[in-house]
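Given next are the chains, with one letter for each unit.
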Amino acid sequence: SLHCTALLSTSKMFLSRLRLVSRSVAPQRVVATARARAANILPRISTSTLLTSRSFCADVHDDFKPKRRAYSPDENVHAQIAKDIAENKVTVFMKGVPEAPMCGFSNTVVQILRAENVEFKGFNVLADPDLREGIKSYSNWPTIPQVYVNGEFIGGCDTTMEMYKSGELSRLLKDAGVKA
């Protein structure tokens, strides 16, 4: 594998030099020389070997192996989501965190809740694929962000925006006891 990679990089370097030289004098002679040299290098490696036998190092240290942080290590994801929703009056499952939203829709929801001057807890669905898929199946709602007030799912960005514009969100937050 290492030998194949070295030969491949050598042939790529050779071909890039060939492109530079071929623009100068006697391009036919340069091309003929390049083909002869390539014939000596490339027949040792079949194209299928290069494409199918490429392997990554097997002895990678644990620090460099991909890690997957479980949203709920001891419970199932739905139970952890229910617990988080119950523990917070206003909960937002979003892309990013409230201090740094990672999508425009999540940012819009954060700005609306800040405009309403309410405290809320945000959960970053990008940090864990289990949470990202789990919240969608928990609410039976396909998009993120998702907003919960007093344990009740109120919707995503569009619903929150419409409720904010109509004043319904403010009333809901007052009824939930999170807004004066």
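Okay, so let's go over this structure. This structure is a prediction, so every number in the text was calculated from the model and none was measured.

1. Section: the pattern of salt bridges
Part 1 of the argument: Enumeration over the complete set of coordinates arrives at 2 salt bridges.
Part 2 of the argument: For Lys 179, the salt bridge is made with Glu 116, and the minimal N-O distance between the two is 2.3 Å. Placement of the pair is Lys 179 in the segment after helix H8 (168-175) and Glu 116 in the loop between helix H5 (104-115) and strand E4 (121-124), with a sequence separation of 63 residues.
Part 3 of the argument: On the basis of relative accessibility, which here comes to 22%, the residue Lys 179 falls in the partly exposed class.

2. Digging into the sheet that holds strand E5 (residues 146-149)
Part 1 of the argument: The strand order across the open sheet built from 4 strands is E4-E1-E5-E6, with neighbouring strands paired in mixed fashion. Where the open sheet ends on each side, the last strands, each with one partner, are E4 and strand E6 (152-155). Taken over all neighbouring pairs, the strand axes of this sheet differ in orientation by 25° on average, direction set aside.
Part 2 of the argument: Pairing analysis gives 4 bridges linking strand E1 (residues 90-94) to E5, with the strands arranged antiparallel. Note that in E5 the partner of Phe 93 across the bridge is Gln 146.
Part 3 of the argument: Across the face of the sheet, helix H6 (residues 129-139) comes into contact with E1, E4, E5 and E6 while running at roughly 60° to E5.

Criteria and cut-off values
Residues numbered from 1 in each chain as written. Predicted model: local features only at pLDDT ≥ 70, side-chain atom pairs only at ≥ 80, totals over all residues. Heavy atoms only, no water. Salt bridge = Lys/Arg side-chain N within 4 Å of Asp/Glu carboxyl O. Helix = DSSP H or I, 4+ residues; strand = E, 2+ residues; numbered from the N terminus. Buried < 20%, exposed > 50% of the residue type's maximum accessible area, 1.4 Å probe, protein only. Pairing = 2+ DSSP bridges. Axes fitted to C-alpha atoms, helices over the stretch in contact; angles between N-to-C directions. Contact = heavy atoms within 4.5 Å.

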